[in-house]
Amino acid sequence: MDIRFTSVSVSFGGRTVLQPLTLSLTERRIGIIGLNGSGKTTFARLINGLVKPASGTVTVNGLDTVKDTSAALAEAGFIFQNPQHQIIMPIVHEDIAFGLKNRGLKADEIERRTAAVLARFGIAHLAKRRVHELSGGETQLVAIASVLVTGPGILILDEPTNQLDLKNRRLVENTIAGLDEHTIVISHDLPLIAKFDRVLVFHESRLIADGPAEDSIRAYHAVAGC
Ligand SMILES: Nc1ncnc2c1ncn2[C@@H]1O[C@H](COP(=O)(O)OP(=O)(O)OP(=O)(O)O)[C@@H](O)[C@H]1O
Ligand SMILES: [Mg+2]
C-alpha cells in the first residue's frame, strides 16, 4: 500500500476543514482518532475520491483520486459509518455477488468467490437472509465481505464498531485483526486502535500527532483534556 497526500487541504463553503498536510501511508494497520468534527472522515474520504482536495493531490498506489477516480477506488474499499447505506441488494448472497456482476465475471466464478468470502467471514449461514433483518454486527460483516470480495488490497473502515454491543464489537474487532488486507480504521474505540502500527490524531482540522499508538493516544487525551 502506498497512499500519498501532498500539500492537501479541504474546504467546504469557504471554511477550511482540513489544514494542508503531506504524508504517506504504507503500514499494515493505521488508526485515525480525534474528537467529533476534527476532520477524520474528511481525511478518509479523500482516499476514495468522495471528497476533493481544495489544494494538493492524493494518490493511491500511484493513482490520482481526482484524475483516476475509478481506478483508485478499485485499490481501496470503503466501509461507511452506517453500512446499511452501502448495501444495495435485499439478500446477503446477492449483495456480495453484486460487485462481481458489475465487473462482468462469469456466473460460476461469481458463485465461487461469493461462497469463499462467506466462508472466510464465518457468515455462510446468513447467505439467504434479508440484509435489512440482520443484526448490527452481522451487517458490518456483510458490508466488509461485499467490499473485500472484489479484491481491493486496502480497506478503510469509518467507525466500524460504533453502536455495536460487546459481542458484536468483539466479532468485528477480531475480523479486522485477522484481515490480510491493509486496513485504515477511524474509531473512538481506543483499545482497538492501541494495537495498530501507526495512529494519526486530528484536532480542529489539523493533523496534530502521527506515530506509535501509545504516543498518539496520549496526544489525543491531552487535547481532549481528559
Ligand atoms: N459535506 C460537507 N459540507 C460542509 N461541511 C462539512 C461536510 N463534511 C464535513 N463537514 C464539516 O467538516 C468538519 C469535519 O467533519 P468530519 O466529518 O471530517 O469530522 P469527523 O472527525 O469525522 O467527526 P465524527 O467523529 O463526528 O465523525 C466538521 O465541521 C463538519 O461539519
Ligand atoms: Mg466521522
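Preceding this paragraph is the structure being described.
Structure report, in brief. (Residues numbered from 1 in each chain as written. Chains lettered and ligands numbered in written order. Predicted model: local features only at pLDDT ≥ 70, side-chain atom pairs only at ≥ 80, totals over all residues. Heavy atoms only, no water.)

The full set close to ligand 1 counts 14 residues, and Arg-15, Gly-37, Lys-40, Thr-41 and Thr-42 are the nearest of them. In this structure, an oxygen atom belonging to ligand 1 sits 2.9 Å away from a side-chain N or O atom of Arg-15. Within the side chain of Lys-40, an N or O atom sits 2.7 Å from an oxygen atom of ligand 1. Compared with its free state, where it exposes 640 Å², ligand 1 has 62% of that area covered by protein. The set of elements that each furnish at least two residues to the shell around ligand 1 consists of β2 (15-25) and α1 (40-47). Ranked by residues supplied to the shell around ligand 1, first place goes to α1 with three residues. (Near = heavy atom within 4 Å. Polar contact = N/O pair within 3.5 Å; in protein donor to acceptor, adjacent residues only side chain to side chain. Areas by Shrake-Rupley, 256 points an atom, 1.4 Å probe, with all protein chains shown as cover. Helix = DSSP H or I, 4+ residues; strand = E, 2+ residues; numbered from the N terminus.)

Overall, the coordinates contain 11 salt bridges when judged by the stated rule. A salt bridge links Arg-198 to Asp-210; the nearest nitrogen and oxygen atoms lie 2.8 Å apart. With a gap of 12 residues between them, Arg-198 in strand β9 (residues 198-203) and Asp-210 in strand β10 (residues 206-211) connect regions that are remote in the sequence. Given the relative accessible area of 10%, Arg-198 is considered buried. Among the residues examined, Asp-210 registers a relative accessible area of 37% and is labelled partly exposed. Beyond isolated ion pairs, a larger network of salt bridges with shared partners links Glu-27, Arg-198 and Asp-210. (Salt bridge = Lys/Arg side-chain N within 4 Å of Asp/Glu carboxyl O. Buried < 20%, exposed > 50% of the residue type's maximum accessible area, 1.4 Å probe, protein only.)

In this section: the nonpolar core. Membership of the largest hydrophobic core comes to 41 residues, with the highest contact counts inside it found for Ile-33, Phe-121, Ile-123 and Leu-155. Listing elements by their share of this core, those giving two or more residues are α3 (92-102), α4 (107-120), α5 (136-148), β7 (154-158), α6 (166-177), α7 (190-193), β9 and α8 (213-224). No other element matches α5, which puts seven residues into this core. Contacts of Ile-33, omitting those with residues within four sequence positions, involve Lys-40, Ser-187, Leu-190, Ile-193, Val-199, Leu-200, Val-201, Phe-202, Ser-216, Ile-217 and Tyr-220. Counting residues in each nonpolar core, the second largest holds 26 residues, with Leu-18, Val-58, Ile-156 and Leu-200 among its members. (Core = buried A, V, L, I, M, F, W, Y, C linked by side-chain atoms within 4.5 Å. Contact = heavy atoms within 4.5 Å.)

What follows concerns the packing of aromatic side chains. Applying the stated criterion to the full structure yields three aromatic pairs. Measuring from ring centre to ring centre gives 4.4 Å for Phe-5 and Phe-43, while their planes differ by 10°; the resulting arrangement is stacked. With Phe-5 in strand β1 (residues 3-12) and Phe-43 in helix α1, this pair connects stretches of sequence that are 38 residues apart. When its relative accessible area of 1% is taken as the criterion, Phe-5 is described as buried. Given a relative accessible area of 0%, Phe-43 falls into the buried group. Where Phe-78 meets Phe-80, the ring centres are 5.1 Å apart and the plane angle is 50°; that geometry is what we call tilted. Assessed through its relative accessible area of 25%, Phe-80 is described here as partly exposed. (Phe/Tyr/Trp six-rings, centres within 6.5 Å; stacked < 30°, edge-to-face > 60°.)

With 14 residues, α4 extends 20 Å from end C-alpha to end C-alpha; this agrees with the ideal 20 Å at 1.5 Å per step. Those residues of α4 that sit buried are Ile-110, Thr-114, Val-117 and Leu-118. Burial along α4 is one-sided: seen end-on, the buried residues are contained in an arc of 100°. Along α4, the residues that are exposed and aim more than 90 degrees away from the buried face are Asp-108, Arg-112 and Ala-119. Residues of α4 that are buried make contact with α3 and α5. Just downstream of α4, Gly-122 is the residue with a positive phi angle, here 65°. (Expected span 1.5 Å × (residues − 1). Arc of directions from axis to C-beta.)

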